[in-house]
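Here are the chains, one letter per residue:
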Amino acid sequence: MTTDRLDQPRELRRTLRPHYDPEAFGQMSERIARFLGTARFLVYMTVFVTVWVSWNVAAPDWLRFDPYPFIFLTLMLSLQASYAAPLILLAQNRQDDRDRVQYEQDRQAAERNRADVEYLTREIAGLRMALGEVTTRDYLRSELQRLGEELREAR
């Protein structure tokens, strides 16, 4: 009976399944999804379809490879869409995960800011209360004048 030791790496096993890096695949899917959402992609696809249709309509019969119902073009566009949709969904899921992490970080920062503001508010309130008990220059001057007058009267 063998047990996995945590202080030693596992032995590499050969498998028939292909190995892929999920992070690299996710980054690639985001790049593709970003490209699919651009005007450049729409222009490229429009040019591609226009050239395809024009070639298969205007070319001599022996050069046409996809006659009028354009079944092969339909197949190609369906294949492109069948790959594009999951890649776009994968990119959206990754963006949702990033947004969730960013939201949590923003929430924590807002909590820290609120605690800081509450602390500063209490400190300012304490200073105001302490300043209310401090003798001001005008109050001290008026008291000294009053004492001076009392001393003059007492003589």
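Computed from a predicted model, the values in this text were never measured in an experiment. In this convention, every chain numbers its residues from 1, walking through the sequence in written order. Per-residue local features of the predicted model are confined to residues with pLDDT of at least 70, and side-chain atom pairs are confined, for both listing and counting, to 80 or more; whole-chain, interface and lining totals are unaffected and use all residues. Derived side-chain values reflect all non-hydrogen atoms in the structure, with water molecules and hydrogen atoms excluded from consideration.

**Student:** Any chance you could break down the pattern of salt bridges for me, citing the residues and the numbers?
**Tutor:** Salt bridge, as used here: a side-chain nitrogen of Lys or Arg that lies within 4 Å of a carboxyl oxygen of Asp or Glu. One pass over the full model with this rule turns up 12 salt bridges. We note a salt bridge from arginine 107 to glutamate 104, for which the minimum N-O separation is 2.3 Å. Of this pair, arginine 107 and glutamate 104 both sit in helix 3 (residues 71-132), three residues apart, which is roughly one turn of that helix. A salt bridge links arginine 146 to glutamate 150, with the nearest nitrogen and oxygen atoms 2.5 Å apart. With arginine 146 and glutamate 150 both in helix 4 (residues 137-154), this residue pair falls four residues apart, about one helical turn. For arginine 146, a relative accessible area of 37% gives the class partly exposed. Exposed residues in this analysis have more than 50% of their type's maximum accessible area, buried residues have under 20%, and partly exposed residues fall in between, with area computed by a 1.4 Å probe over protein chains only. According to the relative accessible area criterion, glutamate 150 is partly exposed, its value standing at 39%. A network of salt bridges, in which partner residues are shared, links Glu23, Glu30, Arg34, Arg94 and Arg98. Secondary structure is summarised from DSSP: a helix means a run of H or I of at least four residues, a strand means a run of E of at least two, and numbering begins at the N terminus for each.

**Student:** Give me the lowdown on the packing of aromatic side chains, citing residues and values where you can.
**Tutor:** Aromatic ring pairs are reported here in terms of the distance separating the ring centres and the angle at which the planes meet. Working definition: a ring pair exists when centres of Phe, Tyr or Trp rings (six-membered ring for Trp) sit within 6.5 Å. Plane angles under 30 degrees give stacked, over 60 give edge-to-face, the rest tilted. Scanning all chains against the criterion turns up six aromatic pairs. For the ring pair tryptophan 52 and phenylalanine 65, a centre distance of 5.0 Å and an interplane angle of 80 degrees mean the geometry is edge-to-face. Taken together, the residues tryptophan 52 in helix 2 (residues 39-58) and phenylalanine 65 in the loop between helix 2 and helix 3 connect sequence positions 13 residues apart. Aromatic pair tyrosine 68 and phenylalanine 70: ring centres 5.8 Å apart, planes at 70 degrees, arrangement edge-to-face. Residue phenylalanine 70 is classed as buried on the basis of its relative accessible area of 12%. Three or more aromatic residues joined by ring pairs form one cluster here, namely Phe48, Trp52, Phe65 and Phe72.

**Student:** Requested: an account of the side chain of glutamate 30, with residues and values cited.
**Tutor:** Looking at the element boundaries, glutamate 30 is found in helix 1 (residues 22-36). For glutamate 30, a relative accessible area of 8% gives the class buried. A distance of 3.0 Å separates the side chain of glutamate 30 from the side chain of arginine 94, its partner in a polar contact. Residues count as neighbours in contact if any of their non-hydrogen atoms are within 4.5 Å of one another. Apart from the residues lying within four places of it in its own chain, the contact partners of glutamate 30 are Ala91, Arg94, Gln95 and Arg98. Pairs of N or O atoms are called polar contacts if they sit within 3.5 Å, as long as, within protein, a hydrogen donor faces a hydrogen acceptor (for residues adjacent in sequence, only side-chain-to-side-chain pairs).

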